[in-house]
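# Per-entry structural report
So the chains spell out like this:
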Amino acid sequence: MTKRAQTAVVMDQTDLKLLRIFATIVEAGGFAAAQSDLNLSLSTISSYITNLEARLGFTLCKRGRGGFALTREGQVVFEEAHRLFKSVHQYETKMRSLRNKLDGTLTIGLTDNTITDPEARKIEKTIARFVEQAPDVTLNIVTHPPNDLLREVVTGGIQIGICSFPKTVLGLRYVSLYSEIHRFYCGADHPLFDQPDDKIDIDEIRRYRIVGRKSWLGRDLKDFAIAHPHAVVSDMEAEARLILSGAFLGYLPQHYAQQFVDAGRMHAIRPEQFCTTSMFQASFDDNQQLEPITKLFLDMLIEDFGAERI
């Protein structure tokens, strides 16, 4: 083994930095492709890799007119670097957990039937990251209709509530996360199911029973100028059942209704006209200092959704 290779056995911060740059280059597919990720010039990137090769004692990659390609040794270094980064991350996470004493119970409240929304899947990412960083915390996940969820946040039964809230309440803070599209649906057994959209107007729709949602406070009825709904629901599954019965029309989240549309059991009526959005927010008590575990989850949630920091 050469003297250079012997000295490379002892890792330091410089080696870690160079390995991370190398891994980024490989994942991007070359020096030029990695420029935006690294925010470095081509000459600087080349200099870093030359330095790493000198420290290791062998060539990691071929670069030039023939394109970028890993050597056999470079492939091994890339794979081992990923294992090293994972170990370092796990070590840092565990040390933060010990230092900050992240334990206890965190109660998160969600509204029903959001799991089919692609945007809402970021919540799952947040949960995974949170559990990794705070493994000793017990997560308590509850599901409530929006009105009940709001009440639980106000009374302190839930530390963080995530849903489209029916109203804002003094003393709570709201962080906007994502929007959910709703359209107006008709079941396969309803008289309007086979009617072309251009034959259906508001007066025609008003002849039939329309579902109202408690949390919407009449927003789902205003387009049709009716004073009272013909049925009232607190969750999406109940509304879907009424629509599927063929006896009612009503709004549903597009992502949730899609499974029934694909099965030929319902479709949207005049989807461009009867369309509304709901803003999903994270809500929490603004009157007291957040517990460390609550703040950690919120920070991760805001980061994963790209929301405005609090």
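We now turn to the structure provided with this report. (Residues numbered from 1 in each chain as written. Predicted model: local features only at pLDDT ≥ 70, side-chain atom pairs only at ≥ 80, totals over all residues. Heavy atoms only, no water.)

### A closer look at the overall build of the chain
- The helix and strand inventory of the chain stands at 11 helices and 11 strands.
- A compact globule built from 310 residues should have a C-alpha radius of gyration of about 19 Å, whereas the chain, at 27 Å, is more than 25% larger.
- With the principal axes as the frame, the chain shows a C-alpha extent of 90 × 50 × 30 Å.
- The buried share among the 310 residues of the chain stands at 41%.
- Relative to all contacts within the chain whose residues are 6 or more apart in sequence, the contacts with residues 24 or more apart total 68%.
- A distance of 6 Å separates the average location of the 36 positive side-chain charges in the chain from that of its 40 negative side-chain charges. (Helix = DSSP H or I, 4+ residues; strand = E, 2+ residues; numbered from the N terminus. Rg over C-alpha atoms; globule rule 2.2 N^0.38 Å. Buried < 20%, exposed > 50% of the residue type's maximum accessible area, 1.4 Å probe, protein only. Contact = heavy atoms within 4.5 Å. Lys, Arg positive; Asp, Glu negative; His and termini not counted. Charge placed at Lys NZ, Arg CZ, Asp CG, Glu CD.)

### Quick notes on the pattern of salt bridges
- The tally for this structure, following the rule as stated, stands at 13 salt bridges.
- Aspartate 304 is paired through a salt bridge with lysine 125; the nearest N and O atoms lie 3.9 Å apart. In this pair, aspartate 304 is assigned in helix α11 (residues 292-305) and lysine 125 in helix α6 (residues 122-133), connecting sequence segments 179 residues apart.
- Residue class for aspartate 304 comes out buried when judged on its relative accessible area of 11%.
- Notably, a salt bridge pairs arginine 151 with aspartate 148, separated by 3.1 Å at the nearest N-O pair. Taken as a pair, arginine 151 and aspartate 148 lie in helix α7 (residues 146-155) at a separation of three residues, close to a single helical turn.
- The class for arginine 151 is partly exposed, based on a relative accessible area of 45%.
- Beyond isolated ion pairs, a larger network of salt bridges with shared partners links Lys125, Arg129, Glu303 and Asp304. (Salt bridge = Lys/Arg side-chain N within 4 Å of Asp/Glu carboxyl O.)

### Section: helix α3 (residues 31-38)
- Within α3, the full set of buried residues consists of Phe31, Ala34 and Leu38. Buried residues of α3, seen end-on, are gathered within an arc of 60° and therefore sit on one face of the element. With respect to the buried face of α3, the exposed residues turned more than 90 degrees away are Ala32 and Ser36.
- Those residues of α3 that are buried lie in contact with α2 (13-28), α4 (42-56) and β1 (61-62). (Arc of directions from axis to C-beta.)

### Quick notes on the side chain of histidine 255
- With respect to the element layout, histidine 255 can be found in helix α10 (residues 254-262).
- You can call histidine 255 buried: its relative accessible area is 16%.
- Looking at histidine 255, its side chain comes within polar contact range of the main-chain nitrogen of aspartate 117, at 3.3 Å.
- A distance of 2.8 Å separates the side chain of histidine 255 from the side chain of glutamate 180, its partner in a polar contact.
- Excluding anything up to four places from it in sequence, histidine 255 contacts Asn113, Thr114, Thr116, Asp117, Pro118 and Glu180. (Polar contact = N/O pair within 3.5 Å; in protein donor to acceptor, adjacent residues only side chain to side chain.)

### Let's talk about the pairing of strand β4 (residues 137-143)
- With seven bridges connecting them, strand β3 (residues 104-110) and β4 associate as parallel partners. Each residue of the ladder has a partner; that of leucine 110, found in β4, is threonine 143.
- Handedness of the β-α-β unit built from β3, α6 and β4 comes out right-handed. (Pairing = 2+ DSSP bridges. Right-handed = clockwise from strand over helix to strand, strands pointing away.)

### Side note on the packing of α2 against α4
- Taken N-terminus to C-terminus, the directions of α2 and α4 make an angle of 120°; their axes are 10 Å apart at the nearest point. Relative to α4, the element α2 is oriented oblique. In this structure, α2 meets α4 at a crossing whose hand is left-handed. From α2, Thr14, Asp15, Lys17, Leu18, Leu19, Ile21, Phe22 and Ile25 reach across to α4, where they touch Ile45, Tyr48, Ile49, Asn51, Leu52 and Arg55. (Axes fitted to C-alpha atoms, helices over the stretch in contact; angles between N-to-C directions. Parallel < 35°, antiparallel > 145°, perpendicular 65-115°, else oblique. Left-handed = near helix turned anticlockwise from the far one by under 90°.)

### As for helix α9 (residues 236-244)
- Of all the residues in α9, the buried ones are Met236, Glu239, Ala240, Ile243 and Leu244. The buried residues of α9 occupy one face: seen down the axis, they fall within an arc of 135°.
- Where α9 is buried, its residues touch β6 (172-187), β7 (211-213), β8 (231-233), β9 (249-253), α10 and β10 (266-268).
- A distance of 3.2 Å separates the backbone nitrogen of glutamate 237 from a side-chain oxygen at the start of α9, and that oxygen is part of aspartate 235.
- At the exit of α9 stands glycine 246, carrying a positive phi of roughly 85°.

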